[in-house]
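This is what each chain is made of:
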Amino acid sequence: MIIQKSTNPRISTFDPQNFSFGTTFIDHMIICEYENGKWGEIQLIPYGPIGFTPAMMGVNYGQACFEGMKAYKDADGQVFLFRPEKNFERINKSAKRLAIPEISEEMFMGGLKALVDIDREWIPQGEGMSLYIRPVLFATEEALKARIASKFMFAIVATPANSYYTAPVSVKISDHYSRAANGGVGATKAAGNYGASFYPTQMAMEEGYDQIIWTDDCSHEYFEESGTMNVFVRINDTIYTPKTSDKILDGVTRDSFLKIARRKGIDVVVGNVKVSDVIDAQRNGTLKEVWGVGTAVVTSIFAGLGYQGEHLELPQLSDEESFAVQLKNDLLNIQTNRAEDPFGWRVLVEENIYSA
Ligand SMILES: *Cc1c(COP(=O)(O)O)cnc(C)c1O
């Protein structure tokens, strides 16, 4: 690894009580370039711009994908990643589907640990705090030819993240737009998936909703995901979530919720979640909760559902009654080293790895 430490670090200006998530960047980043059929050396360098022209293939033809993950600091200042091997596997799954050369474990894990280690002071400590990490992989070749690029970049950047609290939102069940199709790229974190979702989301917002529950592209009869999160539905005391597929992203939070729920003895069904069943359950009072899960906010609890012009309210449960809140708290306690880690999910980031 090539290490070039920042000579102008900004850490002394960072106020963990007052910063903006997503636009405050830590002092360093990882980059690694692919050329002539192979990945070059991993570089740990100061965060900043890298030069490209508008003919960069990644922005013209969309060979671009990313990951989203977090590092947490416990009460003693130890730093942990959460199931990072899942993100490593998934970025290569996305890369493969987009005909981007796969990356090595050393690039991903080695780069990640070195970056988090060198900038560990940027990780805010305390309730709801973390460092949000964004590995990204994109075509850099300068050529206006619609074919697989021959030059790529792998990079990792990171931004401090604060409180998980998000007000309950209302979501529109899509009966027209789709996020993913059979045989498509829905199961990958392809950059284009997000670009394609903004317009339908904007339309839903104009109707007063905060987000969309995506349904299957053929019939719009089955739940798939909610916004950029996996979706859970609780009817009576059973929780349901769609099975992952070509069209549904295999979320780390989803998988962790399922494992924690099963361990707690909650009934879990992974399979088709039919829109009409959810609507019926709302009408007969058995629909208890609907929520989304993903790394960024962990859990987003829905207050209401919109379906074909009708607004359906969801019950407001106390924290003790809510499975979503209980599962979220259990997960956070594992992530932040406040609870036992029966699944072996935490990965300690040792100190001074970057200089090794
Ligand atoms: C990232 C993402 C998720 C959540 O995945 P996590 O690994 O839990 O963060 C769910 N759905 C989509 C479409 C996503 O992009």
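Calculation criteria
The numbering scheme is per chain: residues are counted from 1 as the chain's sequence reads. It should be noted that, the model being predicted, local features are given only for residues of pLDDT at least 70 and side-chain atom pairs only at 80 or more, the latter also being counted only at that level, while totals for whole chains, interfaces and linings use all residues. In computing side-chain values, all of the structure's heavy atoms are included and hydrogens and water are not. Helix and strand labels come from DSSP, where a helix needs a run of H or I of at least four residues and a strand needs a run of E of at least two; each type is numbered from the N terminus. Polar contact is the term for a pair of N or O atoms within 3.5 Å; when the atoms are in protein, one must be able to donate a hydrogen and the other to accept it, and sequence-neighboring residues count only if both atoms are side-chain atoms. Each patch is built from residues that are more than 30% exposed by relative accessible area and take part in no salt bridge. Like charges join if they lie within 9 Å; nonpolar side chains (Val, Leu, Ile, Met, Phe, Trp, Tyr) join within 5 Å. Surface accessibility follows the Shrake-Rupley procedure with a 1.4 Å probe radius. Residue values consider only the protein chains on display as shielding. The salt bridge criterion pairs a side-chain nitrogen of Lys or Arg with a carboxyl oxygen of Asp or Glu, the two atoms within 4 Å. Think of it this way: Lys and Arg go in the positive column, Asp and Glu in the negative one, and His and the chain ends go nowhere. Each charge is placed at NZ for Lys, CZ for Arg, CG for Asp and CD for Glu. Exposure classes here rest on a 1.4 Å probe applied to the protein chains alone. A residue is buried below 20% of its type maximum, exposed above 50%, and partly exposed in between. Throughout, disulfides are identified as pairs of cysteine sulfur atoms within 2.5 Å of each other. Where a domain begins and ends is set by an automatic assignment or by a domain database. By definition in these notes, contact holds between two residues if any of their heavy atoms fall within 4.5 Å. Note: buried area is the sum, over both parts, of the accessible area (probe 1.4 Å) each one loses when the two are combined. At least two DSSP bridges between two strands are required for those strands to pair.

**Points about the environment of Tyr-72**
Examined against the element boundaries, Tyr-72 turns out to sit in strand E6 (residues 69-73). A polar atom in the side chain of Tyr-72 sits 3.2 Å from the side chain of Gln-335.

**As for a negative patch on the surface**
Taken together, Glu-85, Glu-89, Glu-105 and Glu-106 make up a surface patch of like negative charges. When residues of the negative patch are traced back to their parent elements, those giving at least two are helix H2 (84-97) and helix H3 (105-118). With respect to the helices, strands and loops of the structure, Glu-105 is situated in helix H3.

**A few points about unusual backbone geometry**
Of note in the backbone geometry, Asn-36 takes a positive phi value of approximately 50 degrees without being a glycine. Turning to its location among the elements, Asn-36 is positioned in the loop between strand E2 (28-35) and strand E3 (38-39). A relative accessible area of 71% places Asn-36 in the exposed class.

**Description of the state of the cysteines**
The final tally for this structure, using the stated rule, is zero disulfides. Of all cysteine sulfurs, the one in Cys-65 lies closest to Cys-32, which takes part in no disulfide; the gap is 14 Å.

**A few points about the domain arrangement of the chain**
We note that the domain assignment places domain 1 (2-163) and domain 2 (169-316) within the chain. Put simply, the middle of domain 1 and the middle of domain 2, counted by C-alpha atoms, are 28 Å apart. Contacts between the two partners involve 17 residues from domain 1 and, on the opposite side, 18 residues from domain 2. Around 1500 Å² of area is buried between domain 1 and domain 2 when both sides are counted, 59% of it from carbon and sulfur atoms. The largest contributions to the domain 1 side of the interface with domain 2 come from Phe-66, Arg-90 and Arg-97, which together make up 37% of the buried area. Applying the counting rule to domain 1 against domain 2 returns one salt bridge.

**Looking at the pairing of strand E7 (residues 79-82)**
Side chains of E7 alternate between two faces, with Val-79 and Leu-81 and Phe-80 and Phe-82 buried alike. When E6 meets E7, the two strands line up antiparallel, connected through three bridges. The partner of Tyr-72 across the bridge, within E7, is Phe-80. Hairpin connection, E6 to E7: the antiparallel pair is bridged by five residues, and Gly-77 has positive phi, about 90 degrees.

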